[in-house]
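Listed below are the residues making up each chain.
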Amino acid sequence: LDLLMSELEGKEREIIISQVREAAKQKANKRMCETCSEWKPRNDFGQNQWKRTNGSRCKECMKREEEERKYLEDHKRMYGQLPEEMEDDVYTSQANLYETLQLTDDASQEDIKKSYRKLAIKH
């Protein structure tokens, strides 16, 4: 950069210097969010996040993380385990549908309805 700057004269040099200063000024008021990897202005970060030198997260990402955390807490409270810990539900598996309803492959529509209602009441 110094070599390039020494070759420039007068007005051109002043223009480049002012552009570099402006870019540095803009970057000083922005920070990269660790989560979404986007450069965002200072007001997109909480005060505590802006002060951190690394690991800064913007307000949007923090809100998304908080919603995900609440969802997982609610799921664990309702079902007793996290979604990734749950086994495949036999009621949703297409291959086990007749087996789940305790029917044979040649069951009639009426038999399927009765078995489904019986299991729905049970569960």
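I will try to describe carefully the structure that is included in this document. As a convention, each chain's residues are numbered from 1 in the sequence order in which they are written. Where local features are concerned, this predicted model is filtered to residues with pLDDT of at least 70; where side-chain atom pairs are given and counted, the filter is 80 or more; whole-chain, interface and lining totals use all residues. Values reported for side chains reflect all heavy atoms of the structure, with hydrogen atoms and water molecules removed beforehand.

A few words on the side chain of Ser56. The way it works is that DSSP assigns letters per residue, a run of H or I at least four long becomes a helix, a run of E at least two long becomes a strand, and they are numbered from the N terminus. Tracing the chain through its elements places Ser56 in the loop between α3 (47–51) and α4 (59–79). Given the relative accessible area of 3%, Ser56 is considered buried. By definition, residues are in contact when any of their heavy atoms lie within 4.5 Å. Among all residues touching Ser56, those that are not within four sequence positions of it are Arg31, Met32, Cys33, Glu34, Phe45 and Gln49. Here the term buried applies to any residue with accessible area under 20% of the maximum for its type, exposed to any over 50%, and partly exposed to those in between, with areas from a 1.4 Å probe on protein chains only.

What follows concerns α4. For α4, with 21 residues, the first-to-last C-alpha span of 30 Å sits near the 30 Å given by 1.5 Å per residue. Just downstream of α4 lies Gly80, where phi reads positive at about 80 degrees. Between the first and last residue of a helix there are one fewer steps than residues, each counted as 1.5 Å, and that sum is the expected span.

On to unusual backbone geometry, then. Notably, Ser37 is not glycine yet its phi reads approximately 55 degrees, a positive angle. In this structure, Ser37 sits in the loop between β1 (30–32) and β2 (39–41). Take Ser37: its relative accessible area is 48%, and that puts it in the partly exposed class. Phi at Gln102 is positive, roughly 60 degrees, even though this residue is not glycine. Secondary-structure assignment places Gln102 in the loop between α5 (97–100) and α6 (109–122).

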